[in-house]
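Structural description and commentary
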Amino acid sequence: MAALATVIALLPLALSNNYFYDIAVLVGLNAIVCVGLNLLIGYAGQISLGHAGFFGLGAYGSAILASRYGWPPLAAMLTTTLAVAALAFVVGRPILRLKGHYLAMATLGLGVIIFMVITTEDKFTGGPDGIAVVPFRIGGLVLQGERIWYWLVGALLLVAVWLALNLIESPMGRALRALHGSEVGAEVVGINAADHKVMVFVISAVFASVAGSLAAHYSGFVTPGKVTFLHSIELVTMVVFGGMASTFGAVVGAAVLTTLPQLLTVFKDYEMMVFGAVMMGTMIFLPRGVVPSLARLFQTGRRRDAAKEDGA
Amino acid sequence: MSAQFMQYLLTGLTVGAIYALVALGFSIIFNASHVINFAQGEFVMIGGMATVSLTASGLPYLLAIPLAIVAAALVGLALEKFAVEPARGASVVTLIIITIGASIFLRGLAMLVWDKNLHALKPFTGDTPIAVAGATILPQSMWVLGVTLVIVLALTWFFGRTLLGKAMLATSHNHLAAQLVGINVRLVLFLSFGLSAALGAIAGILIAPITTTSYDVGVMLGLKGFAAAILGGMGSGVGAVIGGLVLGIAETMSAGYLSSAYKDVIAFVIILAVLFFMPSGLFGKRGGERV
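None of these values were measured; they are calculated from a predicted model. (Residues numbered from 1 in each chain as written. Chains lettered and ligands numbered in written order. Predicted model: local features only at pLDDT ≥ 70, side-chain atom pairs only at ≥ 80, totals over all residues.)

**Considering the overall build of chain A**
- A count of helical and extended segments in chain A gives 14 helices and four strands.
- Here chain A has a C-alpha radius of gyration of 20 Å; the compact-globule value for 312 residues is 20 Å, and the two agree.
- Per-residue burial over chain A gives 49% buried out of 312 residues.
- Counted over contacts in chain A with a minimum sequence separation of 6, partners at least 24 positions apart contribute 77%. (Helix = DSSP H or I, 4+ residues; strand = E, 2+ residues; numbered from the N terminus. Rg over C-alpha atoms; globule rule 2.2 N^0.38 Å. Buried ≥ 20, exposed ≤ 12 C-beta atoms within 10 Å, placed from the backbone. Contact = placed C-beta atoms within 7 Å.)

Structure follows, in structure tokens:
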């Protein structure tokens, strides 16, 4: 955690221009979503292929309330977050009774439905063209510009990681891990599986919604482009790539997979192909994700050295 | 029956037949391997686009179509060999990401091999609509329905009467037992991908003259075929066909009578409803869970 704070504090030394700051902010926002999603996928063992929907609801909610109706951005964000949490609560209960592929399909369907409603109701949402968003204001202070947002997002990322780590170590976190290990076993010990699953679903939706609201204010506009099935998949891949059940893995995954398309523009026409190939390759060769696989490499290295010392 | 209803019904059946073929592809692969192949839609796309470019280079339909089907089947086999087999035993999430990555890869490849434009195929036997009970149906739609029927019958014969088909069925019921009686399970898995790809390609070729085809036509078709497979019960061939037809008809009816803007949403709303109230679908095995 301290390491993450240090990285965030020192990174600006490496960022030479606004373009890099922009990427860093995007990484941070994605990382916030992934930290929440990781709680759902890695710790509770569920799947969600529709989280871009919550991100999009947060973005559009903030955008519409703040820009169309002139609400103060903070109030807009809080109201939107509450609304998204309520939605996740209502939808979560029936959805989380499903498992495996069925759960994947249900969350996918939810995400797609959200996307289509947003794209079709263009009187509200501006349809495929989206709408412009006012800059973020707290009181009289206007937050604009990549550098200011970098510190804001960095701080929020630290808060998100801290919350996630605390949650994992709490009794609820242990209950979630018990659920992941064996749902029936956990229920036998008295853990209410349904309640816990819904709670973590709502928490991850809240993380996504907040990130979405911030992203809307940061970019200055929202379009349905970020609410697609593809974006949901990117989020899940970030979590799995970084390592499920690893909060820092989620951050690493977000960092790598957000910067990857920027690097891939070098490939121009081959970009989609390479992205798909990277997704496949990392899942085939590093199925547990980057951070746990690397951690295990270090451990086996150390164990081998220790064994050699004992033997010698 | 009003002419409008009949029209919707016929259109719905046509669309539903395509969904049924895609859903069959999903079910066959799922039966053999418990993998949901999210790249199924791309096989549909490959079938259509390959036929387009083969006919554009002068080949007659009679040659172009089988070649396109074979090409798609080869892609399916390659997918199994290089992406699915190395990752066997991985978790559900990992396998889902792998097949989705494969579909993105194939879409990117298609963008390069072909282009991003819409392409139309000439209908097989002309495009003068035929009048049926007050509505009209395109000759191509008759082809769609006819070929789907033939395929369903052929698959029924294949799975019921041939040794290979029975081996595939056996594998779907119980992997271990199939291995114990000497069935080469890896071969079954390999071939099931090829078969599903061929089915998808046929669907793509059939529908291309009616709705144009392009490099990203596979996304929605794949998702809806998947939805149809779940509606009918994942893993059930009969369910896949019925699910596809029901989905197609429901979609067209809602688009016609309710709101055409939300046409694509209807499919997913139906899916959510099915998953909430009847997760094993119409014909799926009502399974219990081993504790």
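**Details of the overall build of chain B**
- Along the backbone of chain B there are 11 helices and two strands.
- The C-alpha atoms of chain B give a radius of gyration of 19 Å, which matches the 19 Å a tight globule of 291 residues would have.
- Taken over the C-alpha atoms alone, chain B extends approximately 55 × 45 × 35 Å along its principal axes.
- Residues counted as buried form 54% of the 291 residues belonging to chain B.
- When contacts within chain B are restricted to residue pairs at least 6 apart in sequence, those whose partners lie at least 24 apart make up 76%.

**Section: the interface of chain B and chain A**
- Each side of the interface is counted separately: chain B has 36 residues, and chain A has 33 residues.
- Every element with two or more residues in the side of chain B that touches chain A is listed here: α4 (92–113), α9 (218–232) and α11 (263–277) of chain B.
- Counting residues per element, the side of chain B that touches chain A draws most heavily on α4(B), at 16 residues.
- When grouped by side-chain class, the residues that make up the side of chain B that touches chain A number 31 nonpolar, three polar and two charged. (Nonpolar A, V, L, I, M, F, W, Y, C, P; charged D, E, K, R; others polar.)

**Considering the environment of A:S293**
Residues and elements named next belong to chain A.
- Tracing the backbone shows S293 in helix α14 (residues 290–311).
- Along the sequence, S293 and G242 sit 51 residues apart, while their C-alpha atoms lie 9.4 Å from each other.
- With residues near it in sequence (within four places) discarded, S293 still touches L286 and R288.

**Structural notes on the packing of helix α6 (residues 163–173) of chain B against helix α8 (residues 185–207) of chain B**
Residues and elements named next belong to chain B.
- Orientation of α6 relative to α8, taken along the N-to-C sense of each, is 105 degrees, at an axis distance of 10 Å. As summarised for this structure, α6 and α8 are arranged roughly perpendicular, according to the angle between their axes. Across the interface between the two elements, A167, M168 and T171 from α6 touch V185, V188 and S192 from α8.
- Class assignment of the residues belonging to the contact of α6 with α8 gives a composition of four nonpolar, two polar and no charged. (Axes fitted to C-alpha atoms, helices over the stretch in contact; angles between N-to-C directions. Parallel < 35°, antiparallel > 145°, perpendicular 65-115°, else oblique.)

**Structural notes on the environment of A:N17**
Residues and elements named next belong to chain A.
- For N17, the location among the structural elements is in the loop between α1 (2–10) and α2 (18–43).
- Take N17: there are 8 C-beta atoms within 10 Å of it, and that puts it in the exposed class.
- Considering only alpha carbons, one finds N17 and G109, 92 residues apart in sequence, at a separation of 40 Å.

**Quick word on the nonpolar core**
- Grouped together as the largest cluster of nonpolar side chains are 202 residues, with contacts concentrated most on B:A72, B:A201 and B:I271.
- At 18 residues, helix α1 (residues 3–33) of chain B tops the list of elements feeding residues into this core. (Core = buried A, V, L, I, M, F, W, Y, C linked by C-beta atoms within 7 Å.)

**Notes on helix α13 (residues 271–285) of chain A**
- With 15 residues, α13(A) should cover 21 Å at 1.5 Å per step; its first-to-last C-alpha distance of 21 Å lies within 8% of that length.
- All of the buried residues in α13(A) are A:M272, A:M273, A:F275, A:G276, A:M279, A:M280, A:T282 and A:M283. (Expected span 1.5 Å × (residues − 1).)

**A word on the environment of A:A24**
- The topology assignment puts A:A24 in helix α2.
- A sequence separation of 181 residues divides A:A24 from A:A205, and the C-alpha atoms of the two residues are 22 Å apart.

**A closer look at the confidence of the model for chain B**
- On average, residues of chain B score 83 in pLDDT, and 97% of them are at 70 or above.
- For this predicted complex, the interface score ipTM comes out at 0.81, while the overall pTM is 0.84. (pLDDT = per-residue confidence, 0-100.)

**Some words on the packing of helix α8 (residues 171–181) of chain A against helix α10 (residues 193–219) of chain A**
Residue and element names in this part refer to chain A.
- Two elements in contact, α8 and α10, have axes separated by 10 Å at closest approach and are oriented at 110 degrees. When the axis of α8 is compared with that of α10, the two are roughly perpendicular. Between α8 and α10 the crossing geometry is left-handed. Residue-level contacts link M172, A175, L176 and L179 of α8 to A193, H196, K197 and V200 of α10.
- Its residues assigned to classes, the contact of α8 with α10 shows six nonpolar, one polar and one charged. (Left-handed = near helix turned anticlockwise from the far one by under 90°.)

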